[in-house]
Amino acid sequence: MSVSVLGAGAFGTALAISLAGKGAVTLWSRDAGHVAEMAESRENARRLPGMPLPQNLNVTSELQQAAQNRVLLLAVPMQQLRRMLDAHRAELTGKVLVACCKGIELTTGLGPIEVMREALPEAHHALLTGPSFAADIAMGLPTALTLACADPDLGKSLQQSLNTANLRLYRTTDTLGAEIGGALKNVIAIACGAVIGAGLGDSARAALMTRGYAEMQRLARHLGAEADTLAGLSGFGDLALTCTSTLSRNYRLGLALGRGEVFDPTVTVEGAATAHATDAKARAMGLDMPITACVVGLLDGKLTLDAAMTALLTRPLKEE
Ligand SMILES: NC(=O)C1=CN([C@@H]2O[C@H](COP(=O)(O)OP(=O)(O)OC[C@H]3O[C@@H](n4cnc5c(N)ncnc54)[C@H](O)[C@@H]3O)[C@@H](O)[C@H]2O)C=CC1
Ligand SMILES: O=C(CO)COP(=O)(O)O
């Protein structure tokens, strides 16, 4: 099955490089200048420098060309997904769309699968998510991800097509659980970065990861996802990676917050919008998500880290 990747950011480029080990791949960017640069240098110097593009990786800014393939990986940030679907409805109708983004849409509270179902019901939908840094994938280092698809037959077929020499795919039909895991781990990673940045120690981080995981499961159960999905790569796996590595942009934003430093606003940090979307959704549902609420307070400058820690440490005592 031939594949195209739409969105030539770090992740899209890394996936295209890995998939090119199996056969021809097309990588689309909306920016013709960027495509010309990549075609000339055989590198995506803007987003994934130092990783050569294999010869059978074709770069294009013509969506019609990329959309000749049936399977399209959508590797744009979560808050851009709907805009992309709306802009290219004609070309994307009837295709197999695999969202590769992590987050909750700010305006609707929906995850990537739900946004695709709403915006383009005339397509087939799946989600690729889990612990992986773009640079690791592009370097050929071993990685395992979750391929979530409600249709079990399509899920099996995508698992075969998208599995590569260094990208091992596990599948699930619980798309909601996979969405929640991938989205919320970024929020908890911001919190973990903040406590480490402020010098509050590894024990505090372990507490936040564990109680953050409880928050993720609470939301998943409330929305009808399978709590077990959260124990897999898309939840626990990605939480472990993102909360402990300075390669993570979400964790680095947290570090900057904890140190009182400014963070580059042009960097893609999915957890910021997702924290706001999740906090609003949890409040509307009457669900207790105190770490997410604290992250929102920190991001908005309405809560100091000291105040956030006091708020978390003085909550009523309860069973684990
Ligand atoms: N970078 C990584 O290591 C990983 C990223 N992801 C996820 O992949 C998604 C994308 O992240 P990155 O590639 O890292 O971001 P990035 O910031 O490197 O690239 C995003 C790309 O999307 C393009 N884009 C933005 N809006 C667009 C639109 N409306 N239409 C077409 N193209 C558009 C931009 O031009 C840019 O090339 C995020 O949801 C992220 O969480 C997942 C796993 C690993
Ligand atoms: O999702 C990722 C790792 O699985 C990448 O993390 P960041 O978006 O925080 O860089």
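How each quantity is defined
- Residues numbered from 1 in each chain as written.
- Chains lettered and ligands numbered in written order.
- Predicted model: local features only at pLDDT ≥ 70, side-chain atom pairs only at ≥ 80, totals over all residues.
- Heavy atoms only, no water.
- Salt bridge = Lys/Arg side-chain N within 4 Å of Asp/Glu carboxyl O.
- Helix = DSSP H or I, 4+ residues; strand = E, 2+ residues; numbered from the N terminus.
- Buried < 20%, exposed > 50% of the residue type's maximum accessible area, 1.4 Å probe, protein only.
- Phe/Tyr/Trp six-rings, centres within 6.5 Å; stacked < 30°, edge-to-face > 60°.
- Arc of directions from axis to C-beta.
- Contact = heavy atoms within 4.5 Å.
- Polar contact = N/O pair within 3.5 Å; in protein donor to acceptor, adjacent residues only side chain to side chain.
- Disulfide = S-S within 2.5 Å.
- Pairing = 2+ DSSP bridges.
- Axes fitted to C-alpha atoms, helices over the stretch in contact; angles between N-to-C directions.
- Near = heavy atom within 4 Å.
- Areas by Shrake-Rupley, 256 points an atom, 1.4 Å probe, with all protein chains shown as cover.
- 1 Å grid on protein atoms, 1.4 Å probe; cavity = no way out; pocket = protein on both sides within 12 Å on 5 of 7 lines; lining within 4 Å.
- Sits in = over half its atoms within 2 Å of the grid points.
- Points joined across faces, edges and corners; volume = space filled by probe spheres on them.
- Nonpolar A, V, L, I, M, F, W, Y, C, P; charged D, E, K, R; others polar.

Where an unreviewed UniProt entry is consulted, the protein appears under the name Glycerol-3-phosphate dehydrogenase [NAD(P)+], with the organism given as Pseudodonghicola xiamenensis.

Okay, the pattern of salt bridges next. Taken as a whole and judged by the stated rule, the model has 10 salt bridges. As a salt-bridge pair, Glu 105 and Arg 82 come within 2.8 Å of each other at their nearest N and O atoms. In this pair, Glu 105 is assigned in the loop between strand 7 (96-99) and helix 6 (112-119) and Arg 82 in helix 4 (residues 81-87), connecting sequence segments 23 residues apart. Taken individually, Glu 105 and Arg 82 each receive the classification buried, so the pair is uniform in this respect. Where Asp 238 meets Lys 102, a salt bridge forms, and the shortest distance between an N and an O atom there is 2.6 Å. Of this pair, Asp 238 sits in helix 12 (residues 233-242) while Lys 102 sits in the loop between strand 7 and helix 6, placing them 136 residues apart in sequence. Per residue, the accessibility class of Asp 238 equals that of Lys 102, and both read buried.

Within the structure shown, the criterion is met by 1 aromatic pair. Here Tyr 213 and Phe 236 contribute two aromatic rings whose centre-to-centre distance is 6.3 Å and whose plane-to-plane angle is 75°, an arrangement assigned as edge-to-face. Highlighted residues: Tyr 213 in helix 10 (residues 202-223) and Phe 236 in helix 12, separated in sequence by 23 residues. Residue classification places Tyr 213 among the buried positions, given a relative accessible area of 17%.

Listing the buried residues of helix 2 (residues 32-41) in full gives His 34, Val 35 and Met 38. Around the axis of helix 2, the buried residues are gathered within 100° of arc, so they sit on the same side. Summarising the contacts, the buried residues of helix 2 are in contact with strand 2 (25-28), strand 3 (43-44) and strand 5 (57-60). Its side-chain oxygen placed 2.9 Å from the backbone nitrogen of Gly 33, Asp 31 serves as the N-cap of helix 2. Of the residues trailing helix 2, Arg 42 is marked for its positive phi of about 55°.

Turning our eyes to something else, we now look at the state of the cysteines. Across all of its chains, the model carries 0 disulfides by this definition. Of all cysteine sulfurs, the one in Cys 192 lies closest to Cys 294, which takes part in no disulfide; the gap is 13 Å. A relative accessible area of 9% places Cys 294 in the buried class.

This brings us to the side chain of Arg 205. For Arg 205, the position within the fold is in helix 10. Once you skip the residues sitting within four places of it in the chain, Arg 205 turns out to touch Cys 192, Val 195, Ile 196, Cys 243, Thr 244 and Tyr 251.

A word on the sheet that holds strand 10 (residues 167-172). Ordered by their spatial adjacency, 8 strands build an open sheet running 5-2-1-6-7-8-9-10, and the pairing between neighbours is mixed. The open sheet is flanked by strand 5 and strand 10, the only strands paired with a single partner. For this sheet the average axis-to-axis angle between neighbouring strands, irrespective of direction, equals 25°. With 4 bridges joining them, strand 1 (residues 3-6) and strand 6 (residues 71-74) adopt parallel strand pairing. Residue Ser 4 lies in a different strand from strand 6, and its bridge partner there is Leu 72. Here helix 6 sits on the sheet and contacts strand 6, strand 7, strand 8 (124-129) and strand 9 (143-148); the angle it forms with strand 8, its principal contact strand, is near 160°. Of the strands in this sheet, strand 8 and strand 9 are in contact with helix 9 (residues 175-197), which crosses strand 8 at around 40°.

The next thing to look at is unusual backbone geometry. Although it is not a glycine, Arg 42 sits at a positive phi angle of roughly 55°. Its place among the elements puts Arg 42 in the loop between helix 2 and strand 3.

Every one of the 13 residues lining ligand 2 counts as a neighbour, but Lys 102, Lys 185, Asp 238, Ser 248 and Asn 250 are closest to it. With respect to ligand 2, the backbone of Ser 132 contributes an N or O atom lying 3.1 Å from an oxygen atom. Contact between ligand 2 and Lys 185: an oxygen atom at 2.9 Å from a side-chain N or O atom of the residue. The protein chains hide 92% of the 300 Å² of surface that ligand 2 would expose on its own. When each cavity is represented as a set of grid points, ligand 2 is found to reside in the largest pocket.

Now for the layout of surface pockets. Taken as a whole, the largest pocket encloses approximately 1,300 Å³ of empty space. Forming the boundary of the largest pocket are 46 residues, of which Gly 9, Ala 10, Phe 11, Arg 249 and Thr 268 lie nearest the centre. Only helix 1 (10-19), strand 4 (48-52), helix 4, helix 7 (134-138), helix 9, helix 12 and helix 13 (249-259) provide two or more residues apiece to the lining of the largest pocket. By residue class, the composition of the lining of the largest pocket is 20 nonpolar, 14 polar and 12 charged. Each pocket or cavity is described by its volume, and for the second largest pocket that value is around 460 Å³. If you trace the second largest pocket, you find 15 residues lining it, with Ala 207, Arg 211, Leu 312, Leu 313 and Arg 315 closest to the centre. Those elements that place two or more of their residues in the lining of the second largest pocket are helix 10, helix 15 (290-299) and helix 16 (305-313). When residues of the lining of the second largest pocket are assigned to their parent elements, the largest contribution, 6 residues, is made by helix 10.

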